[in-house]
Amino acid sequence: MHTQKDIQFDHLISQVKRLSDVQRKKLKAELDRLEANSDDNSLEEFLLSAPTFSENQIKTIEETRKAIDQWRKN
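How each quantity is defined
- Residues numbered from 1 in each chain as written.
- Predicted model: local features only at pLDDT ≥ 70, side-chain atom pairs only at ≥ 80, totals over all residues.
- Heavy atoms only, no water.
- Helix = DSSP H or I, 4+ residues; strand = E, 2+ residues; numbered from the N terminus.
- Buried < 20%, exposed > 50% of the residue type's maximum accessible area, 1.4 Å probe, protein only.
- Areas by Shrake-Rupley, 256 points an atom, 1.4 Å probe, with all protein chains shown as cover.
- Patch = residues over 30% accessible without salt bridge, like charges linked within 9 Å, V, L, I, M, F, W, Y side chains within 5 Å.
- Salt bridge = Lys/Arg side-chain N within 4 Å of Asp/Glu carboxyl O.
- pLDDT = per-residue confidence, 0-100.

On to the overall build of the protein chain. Looking only at helices and strands, one finds three helices and zero strands in the protein chain. Counting only residues that meet the buried cut, the protein chain has 0% of its 74 residues in that class. A total accessible area of about 7400 Å² is found for the protein chain, and carbon and sulfur atoms account for 57% of it.

The following block contains the structure:
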């Protein structure tokens, strides 16, 4: 499996080497744009897709905290 990936990567590199300077600059600009977007969006997407507490769960947590605080005071 690893060999197959290496062959594909080598083929990709050989294709990139055949590009003109203008095409190579366009490719670099596109890769830079993708990299910049993926870093920003990945955190944002992660946070937006993360699970959230329901109102009932928040209420339970608050009640549990109050009960623990009362227990610690006694």
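Read on, since the account is not over.
Quick look at a nonpolar patch on the surface now. A surface patch of nonpolar side chains, about 270 Å² in accessible area, is lined by F9, L12 and I13. Relative to the helices and strands, L12 resides in helix α1 (residues 2-17). Relative accessible area serves as the criterion here: at 46%, L12 is assigned to the partly exposed category.

The tally for this structure, following the rule as stated, stands at three salt bridges. A salt bridge links D21 to R24, with the shortest nitrogen-to-oxygen separation between them at 3.5 Å. Taken together, the residues D21 and R24, both in helix α2 (residues 21-49) and three residues apart, mark about one turn of the helix. The residue E30 makes a salt bridge to R33 at a minimum N-O spacing of 2.5 Å. Of this pair, E30 and R33 are both found in helix α2, three residues apart, which corresponds to roughly one turn of the helix.

On average, residues of the protein chain score 87 in pLDDT, and 86% of them reach the 70 mark or higher. At the low end of the mean pLDDT range in the protein chain sits α1, at 82; at the high end sits helix α3 (residues 55-73), at 94.

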